[in-house]
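Secondary and tertiary structure notes
This is what each chain is made of:
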Amino acid sequence: MKMITAYCNLRADECLVNGEVVARRVAGSEDSWFKQIYRQLDLGYPKFYKMDVLSQAGYLAMELIKKANPDITAAYADDEIALVFANASSSAETDRRFMQSYETGGSPSPSLFVYTLPNIVLGEIAIANKWYGENMFAVLPKFTPGFYLNYSEILLASDSCALLGGWLEVTAGSTDVFLFMVEERENGTEFNNGNLLHLSQTGLVAAY
């Protein structure tokens, strides 16, 4: 049976793994919220600092899921985990910063331009984990459980053996991140519409 074996929610002030708070934002810190989480996890992946906020969110949530489910890496071949992500705002936050780079700075920023497509987060996760499986990123009006259920049927019926799903909505006004691992297991939370919706409802609050 398809089960959600681990999941992570990033909110504006809290980070939760499998429903338990594992980190809280430190008010007044010079670091952004995502950098605070990174330092607390002591990840040692310098490329994190070059990522845009969307990729940082996806990378952090993935690493937290791996800590909660450490068998993921060894359980599958490098092409057996499919990545299916979505959001509503595409790469709007990075697009805004890129526009500012040439409107106020006089020259477009190449380091920002790289991230002006939302699917770059999939590449960052794949590179960090050396995964080569199927992946896709969709832009949807809102979190839609049926989207993940439908694509899981297609992908898990082919060469994929597990699925990492994600909703990554990170803007200057909200942080709504939900990543979840789907595997064929006897234990976990059943992968269905109601459970996905329930686990995703963490609220949209202040900025990162």
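Procedures and definitions
Residues numbered from 1 in each chain as written. Predicted model: local features only at pLDDT ≥ 70, side-chain atom pairs only at ≥ 80, totals over all residues. Heavy atoms only, no water. Helix = DSSP H or I, 4+ residues; strand = E, 2+ residues; numbered from the N terminus. Rg over C-alpha atoms; globule rule 2.2 N^0.38 Å. Buried < 20%, exposed > 50% of the residue type's maximum accessible area, 1.4 Å probe, protein only. Lys, Arg positive; Asp, Glu negative; His and termini not counted. Charge placed at Lys NZ, Arg CZ, Asp CG, Glu CD. Expected span 1.5 Å × (residues − 1). Contact = heavy atoms within 4.5 Å. Salt bridge = Lys/Arg side-chain N within 4 Å of Asp/Glu carboxyl O.

Check the secondary structure of the protein chain and you find eight helices and eight strands. For 208 residues, the compact-globule estimate of 2.2 N^0.38 gives 17 Å, and the protein chain sits close to it at 17 Å. Each of the three principal axes of the protein chain carries a C-alpha extent, and together these read 55 × 35 × 35 Å. Among the 208 residues that make up the protein chain, the fraction classed as buried is 50%. The centroid of the 15 positive side-chain charges in the protein chain is displaced by 7 Å from the centroid of its 25 negative side-chain charges.

This next bit is on helix α7 (residues 145-156). Note: α-helices contain 3.6 residues per turn, so residues at a spacing of three or four share the same orientation. Compared with the 16 Å implied by 1.5 Å per residue over twelve residues, the 16 Å span of α7 between its first and last C-alpha is a close match. Within α7, the full set of buried residues consists of Pro145, Phe147, Tyr148, Leu149, Ser152, Leu155 and Leu156. Check the buried side of α7 and you find it contacts β1 (2-10), β4 (81-87), β5 (135-139), β6 (162-170), β7 (175-184) and α8 (193-200).

To continue, consider helix α6 (residues 120-129). The set of residues buried in α6 consists of Val121, Leu122, Glu124, Ile125, Ala126 and Asn129. Lining the buried residues of α6 we find α2 (53-68), β4, β5 and β6. One or two positions beyond α6, positive phi appears at Lys130, with a value near 55°.

Scanning all chains against the criterion turns up eight salt bridges. For the salt bridge of Glu14 with Arg11, the shortest nitrogen-to-oxygen distance reads 2.6 Å. Between Glu183 and Arg185 there is a salt bridge, and its shortest N-O distance comes to 3.1 Å. Residue classification places Arg185 among the partly exposed positions, given a relative accessible area of 36%. Shared partners join several salt bridges into a network, and the residues in it are Lys2, Glu153 and Glu184.

Remember, this is a structural readout, not a statement about activity or role.
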